[in-house]
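Residue strings, one per chain:
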Amino acid sequence: MALTALDPRTALVVIDLQAGIVAAPTQPYSGPEVVARSVELADAFRAQGLPVVLVRVSFAADGADAVPGRTEAGHPGATRPEGWDVIVPELAGHPGDITVTKHNWGAFHGTDLDVQLRRRGVTQIVLTGIATSIGVESTARAAHEHGYHVTLATDAMSDMDPEAHRGSVERIFPRLGETGTTAEVLELLAKTR
């Protein structure tokens, strides 16, 4: 489906583009490709005076604030390399950006993301990031449930599992919002102002 519109108060929400996640092997796009497209979008949003939200996932050193519960996949170990949760330098360092730290898959649960967006009058979000089927999809689902218009820049996201990426893009995202490329989002953004 082609993108139809961007609201006048749309925010870019970038999911987990941090050192330890961008370094992972992803498909169909590499971490550096996702970062480059997200930077292009972030620069355009900043130029329009629109909010850019950089979401990172992090946990206490002992893992005490990690999501509990039994899963068949188990839980990743609590020990992570120093700096794994630092937002990539290509995106970091812009004083007007909002940084949200999450301890779950999605960026809404247990964070102030919804408050940050609503106080700025945001009615729509554009999502990018890694991983498509985990952090991006969880955030898209919650955004939809919170009543935001959701746009997904599908060439500015990737996954460790190409089938999971495809499933999210083809089956889930069309039920949550509109999908398009970075170029299509940029074209709509240029027409919004």
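Residues numbered from 1 in each chain as written. Predicted model: local features only at pLDDT ≥ 70, side-chain atom pairs only at ≥ 80, totals over all residues. Heavy atoms only, no water.

K.L.:
Please clarify how the overall build of the protein chain should be interpreted in this entry.
P.N.:
Regarding its fold elements, the protein chain presents six helices and six strands. In the protein chain, the order of α-helices and β-strands from amino to carboxyl end is β-α-α-β-β-α-β-α-β-α-β-α. For the protein chain, the proportion of contacts with a sequence separation of at least 24, taken over those separated by at least 6, is 83%. Counting only carbon and sulfur atoms, one obtains 54% of the accessible surface of the protein chain, whose full area is about 9400 Å². (Helix = DSSP H or I, 4+ residues; strand = E, 2+ residues; numbered from the N terminus. Contact = heavy atoms within 4.5 Å. Areas by Shrake-Rupley, 256 points an atom, 1.4 Å probe, with all protein chains shown as cover.)

K.L.:
Looking at this structure, how should I read the pairing of strand 2 (residues 52-57)?
P.N.:
Side-chain direction in a regular strand flips from residue to residue, so the side chains alternate between the two faces of the sheet. When you tally the buried positions in strand 2, you get five out of six residues, the bulk of the element. Pairing analysis gives four bridges linking strand 1 (residues 10-15) to strand 2, with the strands arranged parallel. From the neighbouring strand, Val-13 faces strand 2, where its bridge partner is Val-53. Where strand 2 meets strand 3 (residues 98-102), five bridges bridge the pair, whose relative direction is parallel. (Buried < 20%, exposed > 50% of the residue type's maximum accessible area, 1.4 Å probe, protein only. Pairing = 2+ DSSP bridges.)

K.L.:
Explanation requested: the packing of helix 2 (residues 31-47) against helix 6 (residues 182-192) in the structure shown.
P.N.:
Two numbers describe a pair of packed helices, the interaxial angle and the distance between the axes. The geometry of helix 2 relative to helix 6 is characterised by a closest axis approach of 10 Å and an angle of 5° between their N-to-C directions. Classed by the angle they form, the pair helix 2 and helix 6 counts as roughly parallel. Every residue of helix 6 that contacts helix 2 at Arg-37, Glu-40, Leu-41, Ala-44 and Phe-45 is listed here: Thr-182, Val-185, Leu-186 and Leu-189. Per-class residue counts for the contact of helix 2 with helix 6 are six nonpolar, one polar and two charged. (Axes fitted to C-alpha atoms, helices over the stretch in contact; angles between N-to-C directions. Parallel < 35°, antiparallel > 145°, perpendicular 65-115°, else oblique. Nonpolar A, V, L, I, M, F, W, Y, C, P; charged D, E, K, R; others polar.)

K.L.:
Whenever I open this one, the packing of helix 4 (residues 132-145) against helix 5 (residues 162-176) confuses me. Can you help?
P.N.:
Interaxial distance between helix 4 and helix 5 falls to 10 Å at its minimum, and their mutual angle equals 5°. Taken as axis vectors, helix 4 and helix 5 run roughly parallel relative to one another. Counted together, Thr-132, Ser-133, Val-136, Glu-137, Ala-140, Arg-141 and His-144 of helix 4 and Ala-164, His-165, Ser-168, Val-169, Ile-172, Phe-173, Arg-175 and Leu-176 of helix 5 form the full contact between these two elements. Classifying every residue of the contact of helix 4 with helix 5 gives seven nonpolar, five polar and three charged.

K.L.:
Please explain helix 5 as it appears in this structure.
P.N.:
Three or four residues apart is the spacing at which side chains of an α-helix point the same way, because the helix has 3.6 residues per turn. If you check helix 5, its first and last C-alpha atoms are 20 Å apart, about what 15 residues at 1.5 Å a residue would give, namely 21 Å. Taken as a whole, helix 5 carries its principal kink of about 35° at Ser-168. For helix 5, the set of buried residues is His-165, Gly-167, Ser-168, Val-169, Phe-173 and Leu-176. (Expected span 1.5 Å × (residues − 1). Bend = angle between axes of the 7 residues up to and from the residue.)

K.L.:
Hey, could you run me through the nonpolar core in this one?
P.N.:
One broad rule of soluble globular proteins: the nonpolar side chains tend to lie buried together. Within the largest apolar cluster, 30 residues are counted, with the highest numbers of intra-cluster contacts made by Leu-12, Leu-17, Phe-45, Leu-91, Val-126 and Val-185. At the level of secondary structure, the elements contributing two or more residues to this core comprise strand 1, helix 1 (19-22), helix 2, strand 2, strand 4 (124-130), strand 5 (149-158) and helix 6. Each residue touching Leu-91, except ones within four places of it in the same chain, is listed here: Val-14, Leu-17, Ser-38, Val-39, Ala-42, Arg-46, Leu-54 and Asp-97. (Core = buried A, V, L, I, M, F, W, Y, C linked by side-chain atoms within 4.5 Å.)

K.L.:
Please explain unusual backbone geometry as it appears in this structure.
P.N.:
With the exception of glycine, the majority of residues adopt a negative phi angle, and the majority of peptide bonds are in the trans configuration. Look at the link from Gln-27 to Pro-28: it is a cis peptide, with omega at 5°. Structurally, Pro-28 is set in the loop between helix 1 and helix 2. With an omega of 5°, the peptide bond running from Ile-130 to Ala-131 counts as cis. Position of Ala-131 among the secondary structure elements: in the loop between strand 4 and helix 4. At Asp-16, a residue that is not glycine, the phi angle is positive and equals roughly 55°. Here Asp-16 shows up in the loop between strand 1 and helix 1.

K.L.:
What is the right way to read the pattern of salt bridges from this model?
P.N.:
Where side chains of opposite charge bring their charged atoms close, a pairing between them can arise. Applying the stated criterion across every chain yields a total of nine salt bridges. Ionic pairing is found between Glu-163 and Arg-166, a salt bridge with its closest N-O pair at 2.2 Å. On the criterion of helical spacing, the pair formed by Glu-163 and Arg-166 is a turn pair, its members being three residues apart in helix 5. One salt-bridge network, held together by shared partners, links Asp-43, Arg-46 and Asp-97. (Salt bridge = Lys/Arg side-chain N within 4 Å of Asp/Glu carboxyl O.)

Geometric descriptors of this kind do not, in isolation, establish any biological role.
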